[in-house]
Amino acid sequence: MQPRFFAFFPLLAGLAAAAGCGDDATLPAGCDQFVAPSDDDDTAVQEMFLALEDGQTGCLGAGTFRFTRELTLSADGVTIRGTSQDDTVLDFSAQDVGGSGIKISGDGVTIRDLTVQDTPGDGITAGSVQDITYEALTVRWTAMYDTDNGAYGVYPVKAEGVVIRGVTVVGARDAGIYVGQSRNILVEDSVAHDNVAGIEIENSFDAVVRNNEAFDNTGGLLIFNLPTLETKNGERTLAYGNDIHDNNVDNWGEPGTAVAEVPRGTGILVLSADANELRDNRIYDNDSFGIILSSYIILDPAKNFETADPQFDAYAEANYVHDNVLDGNGANPDDLPDQLVPNLRPIPALGWDGCEHPDHDNTTGMYTNCFENNTDGTGAPASFLFVDVCGTPPFANQNTDFGPYECSRPPIEDPNP
Amino acid sequence: MTARAQVAGGVFAALLTGCSGSSPADPGEIPYDRLSDYGFFVGPLSDLEPAQGVVPYRVVSPLWADFAGKARFLVLPEGGRATFDAAETWSFPSGTIVVKNFFFDVDRRDEGGKARIVETRLLVREAGEGWVPYTYVWDEDQTEAYFHAAGDRLTIAYIDAQGNDAEQEYIVPNTDECDSCHARDDRTRLLGLATPQVNFEGLLGDGTTGNQLERLADAGVFDGPLPPVQDLPRFSDPFGPDPLEARARSYLHANCSHCHRPGGDAAQAGLDFTAFDPDPLPAKLGVCKEPAAAGPGTGGREYDVVPGAPDESILVYRMESTDPEIRMPELPIRIPHAEGVALVRAWIAGLDGPGCGGP
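Residues numbered from 1 in each chain as written. Chains lettered and ligands numbered in written order. Predicted model: local features only at pLDDT ≥ 70, side-chain atom pairs only at ≥ 80, totals over all residues. Heavy atoms only, no water.

(A) Expanded view of the overall build of chain B. When helices and strands are tallied, chain B shows six helices and 14 strands. Computed over the C-alpha atoms, the radius of gyration of chain B is 21 Å, within 12% of the 21 Å expected from 2.2 N^0.38 for a compact globule of 359 residues. Counting only C-alpha atoms and orienting by the principal axes, one finds that chain B spans roughly 75 × 50 × 35 Å. Within the span of chain B, comprising 359 residues, buried residues form 55% of the whole. A separation of at least 24 residues holds for 53% of the contacts in chain B among residues at least 6 apart in sequence. About 15000 Å² of surface is accessible on chain B, with carbon and sulfur atoms providing 50% of the total. Averaging the locations of the 29 positively and 55 negatively charged side chains of chain B gives two centres separated by 1 Å. (Helix = DSSP H or I, 4+ residues; strand = E, 2+ residues; numbered from the N terminus. Rg over C-alpha atoms; globule rule 2.2 N^0.38 Å. Buried < 20%, exposed > 50% of the residue type's maximum accessible area, 1.4 Å probe, protein only. Contact = heavy atoms within 4.5 Å. Areas by Shrake-Rupley, 256 points an atom, 1.4 Å probe, with all protein chains shown as cover. Lys, Arg positive; Asp, Glu negative; His and termini not counted. Charge placed at Lys NZ, Arg CZ, Asp CG, Glu CD.)

Listed below in structure tokens is the structure:
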């Protein structure tokens with residue numbers, strides 16, 4: 001595609017030129033195209049996105065851009081860059097067309113150094129792409145805990161090769177940093193607060209989640225597998241070096257969504273997912289659970305999932321939880337944990353629902369969830385709870401003995417240490 | 001963007017000489033600046049009177065587009081022919097252009113009366129590229145339409161069914177957004193020029209009546225004879241006399257299946273609204289299917305379709321919504337389609353159930 005649209009739009013060419021666009025002499029360093037805020041940002045920015053040739057960098061100047069429509073980006077290998085997260089703000093508060101603020105369909109895209117705010121839907125979506133990088137950017141909603149906020153801040157779905165680095169998401173009414181049905185993922189040095197879920201890795205394979213901070217969400221870090229999705233039974237999330245604390249905001253999720261079921265006060269929740277490794281995280285002052293591993297049965301006690309999606313593995317097994325520091329969790333649980341664990345306060349910091357896949361033969365221990373070397377703030381062993389959701393009758397054998405689960409598993413190697 | 005359309009007939013002859021780009025008569029390469037540069041129409045442009053070789057057609061189950069009417073044309077390159085397929089993969093030579101005009105009745109009490117044309121969309125078969133989408137927006141005077149890549153938002157004034165002055169917004173998609181519907185497995189596809197969509201009897205694109213598929217064949221579109229049309233698949237007119245289920249399936253095919261099918265933009269949601277299979281797995285149509293987590297807009301309802309209970313079905317909730325985050329179809333349609341919603345409601349109400357209940 002030739003960047004010759006100015007020839008088609010003499011009026012816009014004038015407008016864009018006033019903004020310094022397309023004029024090589026005034027292009028900032030490293031930019032192949034440039035637009036500054038104008039009185040028709042919808043057109044000017046979308047024109048630039050459409051005119052970018054594969055491999056080019058499109059720059060957005062300092063100031064606030066205002067959009068009423070979704071922006072789409074389909075070129076491959078391009079970089080979209082603002083001046084900085086503080087200086088370049090893309091405001092979608094008047095948007096009434098499109099499900100995302102920015103919808104990326106090109107491969108190998110990097111988006112960085114800008115803020116996207118107040119999208120009615122998702123912030124920055126990248127669907128069915130190879131290699132997407134979100135870097136040094138913010139997605140935020142300025143209204144607190146408002147179900148009119150969009151669902152996901154950064155939203156790669158069905159992507160292969162995801163990097164989320166130095167990203168901040170505030171105010172998402174589902175998951176702030178969300179990665180769904182994707183493979184080969186790195187989420188690092190990012191911050192999520194005041195979302196329902198801070199960081200969520202869903203139905204995905206081979207994610208590394210490291211050195212992030214999640215606080216003031218309903219749940220800090222969720223590693224989920226859900227039924228009836230195309231990409232099923234995700235595995236192998238490695239989470240380390242994360243600070244997950246004070247995730248005690250009442251759940252304000254949209255009723256009917258899975259995230260709306262997450263108890264207030266959840267540090268890390270592994271739902272239905274297998275073969276994950278959680279190590280060297282600091283998890284404190286979450287009022288319900290520090291780290292809880294659970295089957296999908298907690299959401300669907302009638303096990304409708306068995307008919308809805310026969311291939312779905314609903315059980316959280318073969319996870320490895322070690323060397324975490326957990327302190328001050330479980331002191332003031334939400335209703336569901338309060339019912340599940342009526343007698344122990346604080347609720348122990350580590351937990352497993354106790355449900356095992358009926359078709360899995362665990363005589364070798366290959367499906368056992370292992371807990372090892374987790375400590376509380378004083379260096380003493382962290383407390384543990386076998387919740388016994390699947391006991392006959394349920395909860396009959398609820399106990400705090402983690403002896404049977406004190407074991408280790410082969411560590412997951414971080415491909416980019 | 002190298003291919004230049006070589007439209008049959010004399011209209012284009014002028015365009016085929018001189019390639020310098022400096023001659024004022026030479027519109028350059030496709031996409032041309034102006035719709036008139038293509039020479040699709042003779043006489044005043046807004047009459048949409050097709051030039052020789054420009055073949056009008058209709059589909060039995062059109063896409064709802066916020067009250068817009070459509071006028072569709074197929075333009076084959078000189079001497080070019082299409083190869084027929086009994087399902088949906090007709091193949092066309094490079095240089096083929098499909099033209100779809102969007103217009104609004106000026107007075108909604110007078111359907112088919114005076115209309116204002118707002119947009120003309122093209123899919124151009126380009127050598128080495130496949131189908132490439134372009135769109136043109138008409139001027140106020142209805143004398144010309146101009147190439148428009150970035151999309152637009154137009155205000156349409158009209159007289160409503162009660163005779164009052166009214167206004168609505170109309171969204172022109174940007175050319176990336178065309179592919180949110182037209183692309184499947186990363187390739188841009190035709191959606192309406194498919195056997196079951198044109199194998200119908202009734203009012204045809206040229207204003208006569210008959211079978212649209214046979215009429216296309218008569219116009220010399222295909223490179224060989226057709227099988228007997230009664231042996232070929234056909235979709236129902238969603239608002240015609242056929243049984244409810246067939247009409248609802250046809251409606252969902254035309255309005256939803258381009259995204260909701262394997263390889264489509266919404267494949268991750270796990271639905272398949274194509275109407276080719278008369279007896280699909282119920283969950284493919286959303287029956288007792290729990291919504292995917294990726295979809296926030298559930299309205300607190302549990303399943304996409306609850307047999308016998310349209311008011312408990314997410315599908316209905318999303319078709320009725322005007323919230324851009326929730327509404328289906330996603331883009332760029334803004335106004336819920338009352339008749340379409342009523343049809344889908346009736347279909348759901350009549351499904352055997354009741355309910356999805358657990359044990």
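(B) Quick look at the sheet that holds strand S24 (residues 243–245) of chain A. Residue and element names in this part refer to chain A. Spatially, 10 strands are ordered S3-S6-S9-S12-S15-S18-S21-S24-S27-S30 in an open sheet, and the strand pairing comes out parallel. On the outer flanks of this sheet lie strand S3 (63–66) and strand S30 (325–327), each paired with one strand and no other. Averaged over all neighbouring strand pairs, the angle between strand axes comes to 10°, with direction disregarded. (Pairing = 2+ DSSP bridges. Axes fitted to C-alpha atoms, helices over the stretch in contact; angles between N-to-C directions.)

(C) Quick look at the pattern of salt bridges. All names here are of chain A. For the coordinates displayed, the defined rule picks out 33 salt bridges over all chains. Put simply, Asp243 and Arg282 hold a salt bridge, and the shortest N to O gap is 2.5 Å. Of the two residues, Asp243 sits in strand S24 while Arg282 sits in strand S27 (residues 282–284), which places them 39 residues apart along the sequence. (Salt bridge = Lys/Arg side-chain N within 4 Å of Asp/Glu carboxyl O.)

(D) Summary view of the interface of chain B and chain A. With 41 residues of chain B in contact, the opposing surface of chain A contributes 43 residues. Of the roughly 3300 Å² buried between chain B and chain A, counting both surfaces, carbon and sulfur atoms make up 50%. Taken as a group, Asp176, Gln268 and Glu325 of chain B account for 17% of the area that chain B buries against chain A, more than any other trio of residues on that side. Applying the counting criterion to the chain B and chain A interface returns three salt bridges. As a salt-bridge pair, Asp96 of chain A and Arg153 of chain B come within 2.8 Å of each other at their nearest N and O atoms. Summed over the shared surface of chain B and chain A, the result is 10 residue pairs in polar contact (both at pLDDT 80 or more). Where the side of chain B that touches chain A is concerned, the elements lending two or more residues are strand S9 (152–159), strand S10 (165–172) and helix H1 (175–182) of chain B. In terms of residue count, the dominant contributor to the side of chain B that touches chain A is H1 of chain B (four residues). Partitioned by chemical class, the residues of the side of chain B that touches chain A number 18 nonpolar, 10 polar and 13 charged. (Buried area = accessible area lost by both parts, 1.4 Å probe. Polar contact = N/O pair within 3.5 Å; in protein donor to acceptor, adjacent residues only side chain to side chain. Nonpolar A, V, L, I, M, F, W, Y, C, P; charged D, E, K, R; others polar.)

(E) Layout of the sheet that holds strand S25 (residues 266–271) of chain A. Residues and elements named next belong to chain A. Across the sheet, which stays open at both edges, the 11 strands sit in the order S4-S7-S10-S13-S16-S19-S22-S25-S28-S31-S33 with parallel pairing between neighbours. Lying at the two open borders of the sheet, with one neighbouring strand each, are strand S4 (69–73) and strand S33 (384–386). Strand-to-strand twist across the sheet, computed as the mean angle between neighbouring axes with direction ignored, equals 15°. Judged from the four bridges that link them, S4 and strand S7 (residues 97–104) form a sheet pairing that is parallel.

(F) Looking closely at the side chain of Glu70 of chain A. Along the chain, Glu70 of chain A turns up in strand S4. One buried charged residue, Glu70 of chain A, remains without a salt bridge, the closest side chain of opposite sign being Lys103 of chain A at 4.8 Å.

(G) Layout of the environment of Asp96 of chain A. Here Asp96 of chain A is to be found in the loop between strand S6 (88–91) and S7. Considering only alpha carbons, one finds Asp96 of chain A and Asp246 of chain A, 150 residues apart in sequence, at a separation of 35 Å. Ignoring sequence-local partners within four residues, the contact set of Asp96 of chain A consists of Thr68 of chain A together with Arg153, Glu169, Pro324 and Arg334 of chain B. Engagement of the side chain of Asp96 of chain A in a polar contact is seen with the side chain of Arg153 of chain B, the distance being 2.8 Å.

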